[in-house]
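Summary of structural features
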Amino acid sequence: MWERSLVLSAPGKVILHGEHAVVHGKVALAVALDLRTFLRLRPSGEGRVCVRLPGVGVVRSWDTPRLQALRRGFAADFDESKSPSVEQLDTLKEFAGIAAGASAPESLATLAFLYMCLAISAKYGDVPSVDILVWSELPTGAGLGSSAAFAVCLAAALLTACGAISCPLKEGESTARWTEEELTLINSWAFQGERVIHGNPSGVDNAVGTWGGALRYQSGKITPLKRVPTLRILLTNTKVPRSTKVLVAGVKEKILKFPAIMNPVLDSIDAISQECQSVLEAMPANPSPEYYPVLEELFDINQHHLNVIGVGHPSLDRLCRVTASHGLHSKLTGAGGGGCGITLLRPDTSPLAVEAAKRDLCACGFECWETNIGAPGVTLHSSSSLNAEVLHALSKS
Ligand SMILES: Nc1ncnc2c1ncn2[C@@H]1O[C@H](COP(=O)(O)OP(=O)(O)O)[C@@H](O)[C@H]1O
Ligand SMILES: C[C@@](O)(CCOP(=O)(O)O)CC(=O)O
Ligand SMILES: [Mg+2]
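Given the structure is predicted, the values throughout are model-derived calculations rather than measurements.

Some thoughts on the overall build of the chain
- The helix and strand inventory of the chain stands at twelve helices and 13 strands.
- Against the 2.2 N^0.38 benchmark of 21 Å for 397 residues, the chain shows a C-alpha radius of gyration of 21 Å, consistent with a compact globule.
- If you line up the chain on its principal axes, its C-alpha atoms span 60 × 55 × 40 Å.
- For the chain, the residues scored as buried account for 57% of the 397 residues in total.
- If the 36 positive side-chain charges of the chain are averaged to one point and the 38 negative ones to another, these points end up 3 Å apart.

So, the packing of aromatic side chains
- By the definition in use, this model includes four aromatic pairs.
- When the centroid spacing of 6.0 Å and the interplanar angle of 15 degrees are considered together, the rings of W62 and F113 count as stacked. Residue W62 is found in strand β4 (residues 58-63), and its partner F113 is found in helix α3 (residues 105-124); the two are separated by 51 residues along the sequence.
- Through a chain of ring-to-ring contacts, the aromatic side chains of W62, F95 and F113 assemble into a single cluster.

Things to note about the site of ligand 2
- Close to ligand 2 lie 19 residues; K13, G145, S202, R242 and T244 are nearest.
- Between K13 and ligand 2, the recorded distance is 2.7 Å, taken from a side-chain N or O atom to an oxygen atom.
- H20 has a polar backbone atom sitting 3.0 Å from an oxygen atom of ligand 2.
- Protein burial of ligand 2: of its 390 Å² of free accessible surface, 98% is covered by the chains.

Brief notes about the domain arrangement of the chain
- By the assigned domains, the chain splits into domain 1 (6-222 + 375-396) and domain 2 (229-371).
- The gap between the C-alpha centroids of domain 1 and domain 2 is 27 Å.
- Every contact between the two is made by 30 residues of domain 1 and, on the other side, 38 residues of domain 2.
- The junction of domain 1 with domain 2 conceals about 2600 Å² of combined surface from both sides, 65% of it contributed by carbon and sulfur atoms.
- In this assembly, domain 1 and domain 2 are joined by two salt bridges.

Some points on the state of the cysteines
- Counted under the stated rule, the structure contains zero disulfides.
- No disulfide involves C167; its nearest neighbouring cysteine sulfur is the one of C162, lying 13 Å away.

Describing the sheet that holds strand β12 (residues 367-371)
- In spatial order, the strands read β10-β11-β9-β12; together these four strands make up an open sheet with antiparallel pairing. If you trace the sheet from one side to the other, it starts and ends with β10 (329-332) and β12, each paired once. Strand-to-strand, the axes of this sheet are offset by a mean angle of 25 degrees, without reference to chain direction.
- Both strand β9 (residues 232-237) and β12 contribute to a ladder of five bridges, which runs antiparallel.

Some details on the coordination of the magnesium ion (ligand 3)
- Here the magnesium ion (ligand 3) is held by the protein donor atoms S147 (OG) and H198 (NE2), which lie 2.2 to 2.4 Å from it. One end of the pair, S147, is in helix α4 (residues 146-161); the other, H198, is in helix α5 (residues 180-198), with 51 residues separating them in the sequence. Just as S147 is buried, H198 falls in that class too.

Thoughts on the environment of S350
- Looking at the element boundaries, S350 is found in the loop between β11 (340-345) and α11 (351-363).
- Take S350: its relative accessible area is 33%, and that puts it in the partly exposed class.

A word on helix α6 (residues 204-211)
- With seven of eight residues buried, α6 is to be regarded as a mostly interior element.
- Residues V204, D205, N206, A207, V208, G209 and T210 constitute the buried set of α6.
- Of the surrounding secondary structure, the elements contacted by the buried residues of α6 are β1 (6-17), β2 (28-43), α4, α5, β7 (214-218) and β8 (221-224).
- Two residues or fewer past α6, G212 is found with a positive phi of approximately 70 degrees.

Some remarks on the site of ligand 1
- As a matter of local geometry, ligand 1 sits amid 19 residues, with P105, G141, G143, S146 and H198 nearest to it.
- At 3.0 Å from an oxygen atom of ligand 1 is found a side-chain nitrogen or oxygen belonging to S147.
- Note that an oxygen atom of ligand 1 is positioned 3.3 Å from one of the side-chain N or O atoms of R242.
- Alone, ligand 1 offers 560 Å² of accessible surface; in the complex the protein occludes 96% of this.

Thoughts on α5
- Here α5 contains 19 residues, and its C-alpha end-to-end distance of 26 Å stays within 8% of the 27 Å for a straight helix at 1.5 Å per residue.
- Phi for G199, located one or two positions after α5, is positive at around 90 degrees.

Comments concerning the pattern of salt bridges
- For the structure on display, the rule yields twelve salt bridges.
- In this structure, E355 engages K358 in a salt bridge whose closest nitrogen and oxygen atoms are separated by 3.6 Å. One end of the pair, E355, and the other, K358, are both in helix α11, three residues apart, so they sit about a helical turn from each other.
- E355 sits in the partly exposed class, given a relative accessible area of 45%.
- Taking the relative accessible area as the measure of exposure, K358 reaches 18% and is therefore buried.
- Across the pair D360 and R359 runs a salt bridge whose closest N-O atoms are separated by 3.9 Å.
- Residue classification places D360 among the partly exposed positions, given a relative accessible area of 28%.
- Given a relative accessible area of 56%, R359 falls into the exposed group.
- Residues joined by salt bridges that share partners form a network here, namely E296, R346 and D348.

Rules used throughout
- Residues numbered from 1 in each chain as written.
- Chains lettered and ligands numbered in written order.
- Predicted model: local features only at pLDDT ≥ 70, side-chain atom pairs only at ≥ 80, totals over all residues.
- Heavy atoms only, no water.
- Helix = DSSP H or I, 4+ residues; strand = E, 2+ residues; numbered from the N terminus.
- Rg over C-alpha atoms; globule rule 2.2 N^0.38 Å.
- Buried < 20%, exposed > 50% of the residue type's maximum accessible area, 1.4 Å probe, protein only.
- Lys, Arg positive; Asp, Glu negative; His and termini not counted.
- Charge placed at Lys NZ, Arg CZ, Asp CG, Glu CD.
- Phe/Tyr/Trp six-rings, centres within 6.5 Å; stacked < 30°, edge-to-face > 60°.
- Near = heavy atom within 4 Å.
- Polar contact = N/O pair within 3.5 Å; in protein donor to acceptor, adjacent residues only side chain to side chain.
- Areas by Shrake-Rupley, 256 points an atom, 1.4 Å probe, with all protein chains shown as cover.
- Domains from an automatic or database assignment.
- Contact = heavy atoms within 4.5 Å.
- Buried area = accessible area lost by both parts, 1.4 Å probe.
- Salt bridge = Lys/Arg side-chain N within 4 Å of Asp/Glu carboxyl O.
- Disulfide = S-S within 2.5 Å.
- Pairing = 2+ DSSP bridges.
- Axes fitted to C-alpha atoms, helices over the stretch in contact; angles between N-to-C directions.
- Donors = N, O, S within 2.8 Å, 3.2 Å for Na, K, Ca; no water.
- Expected span 1.5 Å × (residues − 1).

Have a look at this one:
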């Protein structure tokens, strides 16, 4: 029986360059955001696994014997190296009463939870009777990697609860992280959760959620950036809803339809990521303005490319126009089609200019805020180390 309560968290991310192209083997540069998803796991003595996801309106619970019977009934075996099969997902949908083609946030979240719970149980021993609550500071479906932060939290909690990885938080410590080997396991199971939600993810988002910081990602290869200057980034949420799964599928269709036209665009995005990496690694920790024109131009070129591959949106065009009228450069981040854009702020951008841009963006109905990047990856917390807002959210849910 599981007897400990755990609270853990994983960060969202911002992709500087390489979204979508990274799904097709190109380089992406991504940084962890100071907005996180939190998961609390508590023992429940009732022979049930209960999951509450207030962000998507899910409250579900299942008897552990029923879950065990379902897991035993699966013909195909579960493994973190294999994609969830259509048959497995269909069986889970039927079990959870989710309609065949359902793609609503609550259906995908429930399906990802069930898949990870059963798959991890099958490999490492049954997940004990627990009560799981997930709460997030991240907007859902806005390009900031909420799906990956959710999957990383679930992977870390479920692997810990069934004993596959340690519980590294010692008495008196406020936070703790897992070993590299354990993080690799968390990352690979989180990728499975992303596969359930996204269909065909690249893995960059769960890598940032697991390791945090700033990294270069290409075809599963994760390389922390050598040096990351302090970048000031304004994040704007257009609040236009969209689904990563649908956008990623749309890009694939376009590539299949026009390979000779689309592949050079993806190659160009790859070159932008590489150029940006060289500039970032050459910049001192507190860079002077001279480095910024190149970074700004790379934002502009990539934003055009993202429009070409079909993931732009009038709201994002508007965001770029508004910031350009204040001399600032923006691009979409994440899957696009709405969601969030990022605007690069120079060290010499005056607070007045930032305030004026923010005011105009808010007048469009957008929400915007300055962010800190390079946050730590998945982390265990002692309850006493959590800030008041998180504690409040966890206690009232
Ligand atoms: N806090 C959360 N609780 C439950 N499910 C979540 C949460 N955050 C994200 N999700 C799942 O992730 C999906 C959004 O993922 P996606 O379309 O990739 O957008 P993004 O990752 O950019 O936020 C939601 O539909 C939901 O299924
Ligand atoms: C479009 C993509 O590159 C990033 C998607 O990020 P998000 O789900 O929009 O936060 C897809 C991927 O890398 O799996
Ligand atoms: Mg996502």
